[in-house]
Amino acid sequence: MNSNGLEKSETTSILEIQNEDTKTWQAVGSISLNNSACSDNEIDTTDTHQKQQKQQQQQQQQHQQKQQQKGEDDNHKKLLPLGIKNILCPNAKVKSDRRAKYMYRHSHDKIDTNLLILLHGAGDSHLPYHEFAKKMKLPQTATLCVNANAMGSVSGSNSGFVTLPFDLGHTWFEEMDYTTGEPLKSNDARRLKSLESACNKFDTLLLDVIINHNTSDDAATTELWIPERIFLFGFSSGACLAMNICYNRMKQGKLPLGGAVCVAGGLRGTTLQLPDLNSSKSKRNDNECTPILLMGGGQDASYTTSLLKADAKLYNSICSSKSDLVKTFVQPGKGHDMVKHQAEIKCMMEFFAEKMVRRMIAMEGWSEVATASG
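Residues numbered from 1 in each chain as written. Predicted model: local features only at pLDDT ≥ 70, side-chain atom pairs only at ≥ 80, totals over all residues. Heavy atoms only, no water.

A. Geometry of the overall build of the chain. Counting secondary structure elements, the chain contains eight helices and 13 strands. Here the chain holds 374 residues, and 38% of them are scored as buried. Within the chain, contacts between residues separated by at least 24 positions form 72% of all contacts whose residues are at least 6 apart in sequence. Within the structure as shown, the chain displays about 22000 Å² of accessible surface, and the carbon and sulfur contribution to it stands at 51%. (Helix = DSSP H or I, 4+ residues; strand = E, 2+ residues; numbered from the N terminus. Buried < 20%, exposed > 50% of the residue type's maximum accessible area, 1.4 Å probe, protein only. Contact = heavy atoms within 4.5 Å. Areas by Shrake-Rupley, 256 points an atom, 1.4 Å probe, with all protein chains shown as cover.)

Next up, the structure:
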C-alpha cells in the first residue's frame, strides 16, 4: 500500500484512466480545432463562390450589353435579300459562287444609309474595286461591287453581260468587232443595242434594290434604299454604263439616283434618241437628273478630253437648270487609268460628301417640347 492507502494496482488503474481521459480530451480538442478549420474553409469557399457568382453576373451583363449594342448596330445594317442575290447569281450553290459574281460589304461604321455600286472596266473583275471601296471608308455607305459575269440566266445559257474571247474576262456591252479586232464606233447599231440591253438589265437590279418584294408574303414590302441614296462608280466601260443608266433614267422619267462618278468613260453615243434641245418641253428639272462627276486624263487617247466635255455638255443640255449637273475633272498628264492621284481622290471625296446622305443616329427619336410662357 502507498501513503494514500491505495494498492499499487489501484494506483496504476487510476493513472491509466486519467491518461485515457487526457487522450480523450486531446482528441476532442483536436476535433474541435479541425471543425474550426473546416468552418474557416467553408467561409473561404463561400466567399470564393460569391466572388465567382459576381464575376459571372458581370460577364453576363457585359455580354448582354454587347448583344444589345450589336442589336442596335444591326438595326442600321441592310442585308441583301435572297431575291437580289438570286438576280446577281441565280445558280449559286455555295458562298464562293456568289463571291465570284459580286461582293457586298456593310459600311465600316455599321450604318448602311447609302449604297455605292461599283462597275469595273472591260476584262477586269470586281475584286480590286471591292478593295478600293474598302479603302475609301465612305461614312454610312454600304458597297456592292458587281462583276460583268453576274446576272446570267438561270439555265446557264449565258454568263452575265458580254464574254470576251480568248478567256479575257467579261465586259458590260459590245465595244469591239471580235472578228476584225477593231473597236466599234460610238453610233454602231450593235454597240448601241448591247448598251441599251445592259442598261435595262441593270435597271432591273436597281428596281429590286430600291424596293425589295418579300416572296414569302406578297403584302410585305421592305424598302432598302431610296433612289437618292444609291450611287454609281464606274471605270472605262463601267463608267460608260453608269452614265448611260443615269441618262436613260432621266429620259424615261424615272427617279434620279444620288449621284455617279464616271472615270475614263461617259456616254460616247446614247441609246435613246436625242431630244430637241431648243424645246422647253424636252428639258428636265434638276430633281429629275442624277448629278455626275465626270473624270478623265489629259493624255487619255481612248476617252479624250474633247469626248469628256461633249458628254458633259450633252447631259447638261437636257436639264433646265443654269447650274451644271455634270462636274468635270481632268488630271493633267494622266492616261486611261483608274483614280490614283491625290487631286482626283480629293475631288471624288468632295463630290460624295456633298451628295451622300448622313443620318444623325444619336439624335433620332428626340423631340423638342416647347413650353408655353406666362
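Next comes the rest of the write-up.
B. Spotlight on the pattern of salt bridges. Applying the stated rule across the entire model yields eight salt bridges. In this structure, Arg249 and Asp203 form a salt bridge, with 2.8 Å as the shortest nitrogen-oxygen distance. One end of the pair, Arg249, is in helix H6 (residues 237–251); the other, Asp203, is in helix H5 (residues 189–210), and 46 residues separate them in sequence. Here Arg249 and Asp203 have matching classes, each one buried. Residue Asp337 pairs with Lys340 through a salt bridge whose shortest N-O separation is 2.7 Å. Given the relative accessible area of 52%, Lys340 is considered exposed. One network of salt bridges, in which partners are shared, links Glu174, Asp177 and Arg190. (Salt bridge = Lys/Arg side-chain N within 4 Å of Asp/Glu carboxyl O.)

C. Structural detail: the nonpolar core. Core analysis: the largest hydrophobic core is formed by 54 residues, its most contacted members being Ile117, Trp172, Phe202, Leu241 and Tyr315. With nine residues, the single largest contributor to this core is H6. For Ile117, the contacting residues outside a window of four places in its chain are Leu144, Val146, Phe202, Leu206, Ile230, Phe231, Leu232 and Phe233. (Core = buried A, V, L, I, M, F, W, Y, C linked by side-chain atoms within 4.5 Å.)

D. Spotlight on the sheet that holds strand S13 (residues 326–331). Spatial strand order, S1-S3-S2-S10-S11-S12-S13: seven strands in an open sheet with mixed pairing. Strand pairing shows two members of the sheet lacking a second neighbour, strand S1 (102–105) and S13, which therefore form its edges. Each strand axis lies, on average, 15° off the axis of its neighbour in the sheet, ignoring direction. As paired elements, strand S2 (residues 114–119) and strand S10 (residues 230–235) share five bridges and run parallel to each other. Looking across to S10, one finds that Leu119 is bridged to Gly234. With respect to the sheet, helix H4 (residues 127–136) is in contact with S1, S2, strand S3 (141–146) and S10, its orientation differing from that of S2 by roughly 145°. (Pairing = 2+ DSSP bridges. Axes fitted to C-alpha atoms, helices over the stretch in contact; angles between N-to-C directions.)

E. View of the packing of H5 against H6. Contact pair H5 / H6: the axes reach a minimum separation of 9 Å and the direction vectors enclose 75°. Between H5 and H6, the crossing angle belongs to the class labelled roughly perpendicular. Contacts from Arg191, Leu195, Ala198, Cys199, Phe202, Asp203, Leu206 and Ile210 in H5 reach Cys240, Leu241, Asn244, Ile245, Asn248 and Arg249 in H6. When grouped by side-chain class, the residues that make up the contact of H5 with H6 number nine nonpolar, two polar and three charged. (Parallel < 35°, antiparallel > 145°, perpendicular 65-115°, else oblique. Nonpolar A, V, L, I, M, F, W, Y, C, P; charged D, E, K, R; others polar.)

F. Molecular detail of helix H7 (residues 305–318). With 14 residues, H7 should reach 20 Å at 1.5 Å per residue; the first-to-last C-alpha distance of 21 Å fits that figure. Residues of H7 that are buried sit in contact with H6, strand S12 (292–297) and S13. (Expected span 1.5 Å × (residues − 1).)

G. Focus on H4. Looking at H4, one finds that the buried residues are Tyr129, His130, Phe132, Ala133 and Met136. Angular distribution of buried residues about the axis of H4 spans 160°; they occupy a single face of the element. Each element contacted by the buried residues of H4 is listed here: S1, S2, S3, S10 and helix H8 (342–355). Where H4 ends, the next residue or the one after it, Lys137, has phi of about 50°, a positive value. (Arc of directions from axis to C-beta.)

H. Spatial organisation of the layout of surface pockets. Space inside the largest pocket adds up to approximately 470 Å³. Around the largest pocket, the lining comprises 23 residues; the ones closest to its centre are Glu175, Met176, Pro183, Leu184 and Arg268. Residue composition of the lining of the largest pocket, grouped by class: eleven nonpolar, eight polar and four charged. Quantified by volume, the second largest pocket comes out at close to 330 Å³. What lines the second largest pocket is Leu79, Leu80, Lys85, Lys95, Arg98, Arg99, Tyr102, Met103, Tyr104 and His106. By residue class, the composition of the lining of the second largest pocket is five nonpolar, one polar and four charged. (1 Å grid on protein atoms, 1.4 Å probe; cavity = no way out; pocket = protein on both sides within 12 Å on 5 of 7 lines; lining within 4 Å. Points joined across faces, edges and corners; volume = space filled by probe spheres on them.)

I. View of the confidence of the model for the chain. Averaged over every residue, the pLDDT of the chain is 79; residues scoring 70 or more account for 68%. Note that pLDDT drops below 50 for residues 2–7; the model gives that stretch five contacts with residues more than four away or on any other chain. Throughout residues 27–33 the model reports pLDDT below 50, and contacts reaching past four residues in sequence, or to other chains, amount to zero contacts. (pLDDT = per-residue confidence, 0-100.)

J. Representation of the packing of H6 against H7. It is at 11 Å that the axes of H6 and H7 come closest, and there the two elements cross at 20°. If you check the angle between H6 and H7, you find them roughly parallel. Of the two elements, H6 crosses H7, and the hand of that crossing is left-handed. Here Met243, Cys246, Tyr247 and Met250 of H6 lie close against H7, whose contacting residues are Asp311, Tyr315 and Ile318. Across the contact of H6 with H7, the residue classes tally to six nonpolar, no polar and one charged. (Left-handed = near helix turned anticlockwise from the far one by under 90°.)

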